[in-house]
Amino acid sequence: MNHFVFPKWSNFAAPALVIIALIVPGYALSVVYYGGSPRTTDVGYEPAQPVEYSHALHVGKLGIDCRYCHTTVESSAQASIPPTQTCMNCHKQIRAESRKLLPMKQSHATGMPIEWIRVHDLPDYVYFNHSAHVTRGVSCVSCHGRVDKMQVVYQKETLSMAWCLDCHRRPEKHLREQEFVTQLDWTPGEDPLTYGLRIRERNNINPSTDCSTCHR
Amino acid sequence: MSKSVIIGGMIAALLALLPLLFIARARVVRSDRTRIHLIQDMDNQPKFKAQSSNPLFADRRAMRPRVLGTVAREQLNEDTRLYLGMSNGEFVPTNPLPITEALLKRGQERYDIFCAACHGLAGYGDGMVAIRADELQEGTWTPPTSYHNDLMREREDGHLFNTITNGIRNMAAYGPQIPAQDRWAIVAYIRALQRSQNAKLEDVPEELRASLR
């Protein structure tokens, strides 16, 4: 009779199967969890823009205030990207012949706007408002990172709901006097938490976590 | 047999590490590829948001400029003193807004945002942009005017306002960037700057004069 004999390695099959059964779901879960998290899919998005405009040069080196260009950031929901005219305030005279500024010149001559590519983009069902944050002393740096050091703007934070709520529950360490909101390198010079708590107390800042604040 | 199973298992395990490596890479490297967006929900709705594009119009702007010859509600701006700095075709000599500390503070803030880059924080025309433009030596740049000479001190407030609104010679118009009230606040602040750089001892309250000597 030709008996079937299990090969010797099959002794390990059972424990191996158990180990695999433990590892595979954990593995699959972590791939989905980490792979699907906005920190992987969204953060670090750095689209190439139609003009090589650099915040590091204009803000970091020349010291132009954010509100010179993003004029509506304190008064409306949008910060707004500046129109070509704003750039031409200076570039009619400065580096007027530069190859890098050719698209601006064309846009100025034809009236066709420059099509900048959106970096930060919330889903369309979320209501966000810049003025509500900037006039209550939340600095650009809390949500956009050190823009004054960026050659090309990229997304620094996740912009997920968890991220919004984290700050809405504990805004202290992001608060400062309103006059410093556009100074991205500003520090309170004392413990940020006690400083923030004082500001929060004084200005009575209580960000809402009701669903209707952001979904309406 | 057992060897091939072991090798196969090892290859599978190595391949299984690849997605984790890609994920780790995506978490540290910045990229200009469009964001991966598996579950769309209602993230991108067929509506036009501020500053988005609309292919129906020749200039592709979804936000339409005001039609020529029309006036939007609440933008009639009839008060020529306030909105043009003129009355009866002449520049108004003084600021139509009451000069308060709040107005000056606002003016200082707005001046530092919109003017200091060229005109300098104290108004001598030595802002960072002016310095850099001088260094470039391109021949197209006119230095910003200093506010601290008799000609500038004698300009009417309405003239300064008009300069901000419509620009002057080589300076661009700042009317579109700054609301009228803020332009008047800046005018008031420029007046304060001028006084601060041209003060005589008599301008200092008597009890403080001793501390200056």
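Look above for the structure.
Residues numbered from 1 in each chain as written. Chains lettered and ligands numbered in written order. Predicted model: local features only at pLDDT ≥ 70, side-chain atom pairs only at ≥ 80, totals over all residues. Heavy atoms only, no water.

Trainee: Whenever I open this one, the overall build of chain B confuses me. Can you help?
Mentor: Assigned secondary structure in chain B consists of nine helices and two strands. Since a compact globule built from 213 residues should have a radius of gyration of about 17 Å, the 30 Å found for chain B marks it as more spread out than a globular shape. Considering only C-alpha atoms, chain B reaches an extent of 105 × 55 × 40 Å along its principal axes. Looking at the 213 residues of chain B, the share that counts as buried comes to 30%. Considering only contacts in chain B between residues 6 or more positions apart, those separated by 24 or more positions represent 51%. (Helix = DSSP H or I, 4+ residues; strand = E, 2+ residues; numbered from the N terminus. Rg over C-alpha atoms; globule rule 2.2 N^0.38 Å. Buried < 20%, exposed > 50% of the residue type's maximum accessible area, 1.4 Å probe, protein only. Contact = heavy atoms within 4.5 Å.)

Trainee: Please explain the packing of helix H5 (residues 84–91) of chain A against helix H6 (residues 102–110) of chain A as it appears in this structure.
Mentor: The angle between the axes and the distance between the axes are what describe a pair of packed helices. Residue and element names in this part refer to chain A. Packing of H5 against H6 brings their axes to within 10 Å, and their N-to-C directions diverge by 115°. For the element pair H5 / H6, the angle class is roughly perpendicular. When you trace H5 past H6, the crossing you get is left-handed. Residues Thr 84, Gln 85, Cys 87 and Met 88 of H5 touch H6, and the partners they reach there are Met 104, Lys 105, Ser 107 and His 108. Taken together, the residues of the contact of H5 with H6 sort by class into three nonpolar, four polar and one charged. (Axes fitted to C-alpha atoms, helices over the stretch in contact; angles between N-to-C directions. Parallel < 35°, antiparallel > 145°, perpendicular 65-115°, else oblique. Left-handed = near helix turned anticlockwise from the far one by under 90°. Nonpolar A, V, L, I, M, F, W, Y, C, P; charged D, E, K, R; others polar.)

Trainee: Would you mind showing me how to read a nonpolar patch on the surface here?
Mentor: The grouping of Ile 7, Ile 11, Leu 15, Leu 18, Leu 21 and Phe 22 of chain B at the surface amounts to a nonpolar patch, some 620 Å² of accessible area in total. One can find Ile 7 of chain B in helix H1 (residues 2–28). (Patch = residues over 30% accessible without salt bridge, like charges linked within 9 Å, V, L, I, M, F, W, Y side chains within 5 Å. Areas by Shrake-Rupley, 256 points an atom, 1.4 Å probe, with all protein chains shown as cover. Salt bridge = Lys/Arg side-chain N within 4 Å of Asp/Glu carboxyl O.)

Trainee: Honestly, the interface of chain B and chain A in this entry has me stumped. Any pointers?
Mentor: In many reports, interface size means the accessible area that the parts give up when they come together. Residue-level contacts link 46 residues of chain B with 49 residues of chain A. In this assembly, chain B packs against chain A so that about 4300 Å² is buried in total across both faces, 53% of it on carbon and sulfur atoms. For the chain B face of the interface with chain A, the top three residues by lost area are Arg 27, Arg 30 and Arg 35 of chain B, together amounting to 17%. Counting across the chain B and chain A interface gives five salt bridges. (Buried area = accessible area lost by both parts, 1.4 Å probe.)

Trainee: Please explain the environment of Val 32 of chain A as it appears in this structure.
Mentor: All names here are of chain A. Here Val 32 shows up in helix H1 (residues 10–36). Under the relative-accessibility criterion, Val 32 is labelled exposed at 60%. Taking C-alpha positions, Val 32 is 36 Å from Ser 54, a pair spaced 22 residues apart along the chain.

Trainee: Quick question: what am I supposed to make of the nonpolar core here?
Mentor: Among soluble globular proteins, nonpolar side chains are generally buried collectively. Counting residues in each nonpolar core, the largest one holds 38 residues, and the members touching the most others are Tyr 68 and Ile 94 of chain A together with Tyr 111, Val 129, Trp 184 and Ile 186 of chain B. Secondary-structure elements contributing two or more residues to this core are helix H4 (66–69) of chain A together with helix H3 (101–114), helix H4 (116–119), helix H5 (128–136), helix H7 (157–166) and helix H8 (180–197) of chain B. Counting residues per element, this core draws most heavily on H8 of chain B, at nine residues. Beyond its immediate stretch of four places on either side in the chain, Ile 94 of chain A contacts Leu 101 of chain A together with Val 129, Ala 133, Leu 136, Glu 138 and Trp 141 of chain B. Cys 66, Val 119, Val 147 and Tyr 154 of chain A belong to the second-largest nonpolar core, a separate cluster that totals eight residues. (Core = buried A, V, L, I, M, F, W, Y, C linked by side-chain atoms within 4.5 Å.)

Trainee: Honestly, H7 of chain B in this entry has me stumped. Any pointers?
Mentor: The α-helix winds at 3.6 residues per turn, so residues separated by three or four positions along the chain end up facing the same way. All names here are of chain B. Burial analysis of H7 places eight of its ten residues in the buried class, the great majority of the element. In this fold, the buried residues of H7 make contact with helix H2 (80–84), strand S2 (90–91), helix H6 (150–154) and H8. After H7 finishes, the residue Gly 167 shows a positive phi value of roughly 75°.

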